[in-house]
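What follows is the residue order along each chain.
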Amino acid sequence: MERLAGGHNTVPGYWEGSTYPSRVFVRTTVKTEARVELGMDWEEMDAEDNTAHVYPVFDPESYIDSSMVHPYRLSGLSGDYDGDMVSNNILYTQEAIEETDNYLNSQGPTSIQPVA
């Protein structure tokens, strides 16, 4: 799976520490199967890049649309597990992902520290 990055914030909440960049791990919460992209001729494409290894098997009874904040960031967002909401904005461009990686890997004053 390709690397993703994102910006996350609590809803509502616009205080220091309520918005932060992070690396994003996307995973389905339901049963999965591998599926291969079909070409214009409706035949499976050969390249490994055209395989979705974790493709959700859609079942309306078990589908959950949710996101989860890593527990290490929870207190900084004044969050708990009683139904708090977060907003997730996924960054897809390579430039945005590299900028997020550089920010998260920096050791200077801009590095993110968990808020207790």
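Keep in mind the model is a prediction, meaning the values are calculated, not measured.

**Thoughts on the overall build of the chain**
- Along the chain, the regular secondary structure elements total two helices and five strands.
- Residues counted as buried form 21% of the 116 residues belonging to the chain.
- At a minimum sequence separation of 6, the contacts of the chain that also span at least 24 residues come to 56%.
- For the chain, the exposed surface amounts to about 9,200 Å²; the carbon and sulfur share of it is 54%.

**Looking at the environment of Met85**
- Relative to the elements of secondary structure, Met85 occurs in strand β5 (residues 85-91).
- The exposed category is assigned to Met85, whose relative accessible area is 54%.
- Considering only alpha carbons, one finds Met85 and Met68, 17 residues apart in sequence, at a separation of 9.5 Å.

**Here's the deal with the environment of Tyr20**
- On the secondary structure map, Tyr20 appears in strand β2 (residues 19-24).
- With twelve residues separating them along the chain, Tyr20 and His8 place their C-alpha atoms 5.6 Å apart.

**A look at helix α2 (residues 94-105)**
- Between the first and last C-alpha of α2 there are 16 Å, a value that for twelve residues agrees with the 16 Å anticipated at 1.5 Å per step.
- When we look at burial in α2, the residues that qualify are Ala96, Ile97, Thr100 and Asp101. Seen along its axis, α2 keeps its buried residues to an arc of 135°; they face one direction. Exposed residues on α2 whose side chains face more than 90 degrees from its buried face are Glu95, Glu99 and Asn102.

**Brief notes about the environment of Ser22**
- Locating Ser22 in the fold gives a position in strand β2.
- The class of Ser22 is buried, set by a relative accessible area of 13%.
- Considering only alpha carbons, one finds Ser22 and Leu4, 18 residues apart in sequence, at a separation of 8.9 Å.
- Apart from the residues lying within four places of it in its own chain, the contact partners of Ser22 are Ala5, Gly6, His8, Thr100 and Leu104.

**Focus: a negative patch on the surface**
- Taken together, the side chains of Asp41, Glu43, Glu44 and Asp46 define an acidic patch exposed on the protein surface.
- With respect to the helices, strands and loops of the structure, Glu44 is situated in the loop between β3 (32-36) and β4 (51-56).
- Classification of Glu44 by relative accessible area gives exposed; the value is 55%.

**A closer look at unusual backbone geometry**
- The backbone of Trp42 shows a phi angle near 65°, a positive value even though the residue is not glycine.
- By secondary structure assignment, the location of Trp42 is in the loop between β3 and β4.
- Residue Trp42 is classed as exposed on the basis of its relative accessible area of 69%.

**A few points about the side chain of Asn50**
- Within the secondary structure layout, Asn50 lies in the loop between β3 and β4.
- Sequence-distant contacts of Asn50, defined by excluding residues within four places in its chain, comprise Arg35, Val36, Glu37 and Met45.

Rules behind the numbers
For every chain, the first residue of the written sequence is number 1, and numbering continues from 1 onward in sequence order. Per-residue local features of the predicted model are confined to residues with pLDDT of at least 70, and side-chain atom pairs are confined, for both listing and counting, to 80 or more; whole-chain, interface and lining totals are unaffected and use all residues. Each side-chain value is worked out from all heavy atoms of the structure, with water and hydrogens disregarded. Secondary structure is summarised from DSSP: a helix means a run of H or I of at least four residues, a strand means a run of E of at least two, and numbering begins at the N terminus for each. Each residue is placed in one exposure class: buried if its accessible area under a 1.4 Å probe, protein chains only, is under 20% of its type's maximum, exposed if it is over 50%, and partly exposed if it falls in between. Between two residues, a contact is recorded if the distance between any of their heavy atoms is within 4.5 Å. A 1.4 Å probe and the Shrake-Rupley method give the accessible areas. Residues count as covered only by the protein chains that appear here. By this rule, a helix spans an expected 1.5 Å times one less than how many residues it contains. The arc in question is traced by the directions running from the helix axis to the C-beta atoms. Residues enter patches when they are more than 30% accessible in relative terms and free of salt bridges; like-charged ones are connected within 9 Å and nonpolar ones (Val, Leu, Ile, Met, Phe, Trp, Tyr) within 5 Å. By salt bridge we mean one thing: a side-chain nitrogen of Lys or Arg within 4 Å of a carboxyl oxygen of Asp or Glu. Charge assignment: positive for Lys and Arg, negative for Asp and Glu; neither His nor the chain ends contribute. The atoms used to mark charge sites are NZ of Lys, CZ of Arg, CG of Asp and CD of Glu.

In short, shape yes, function no, at least from these values alone.
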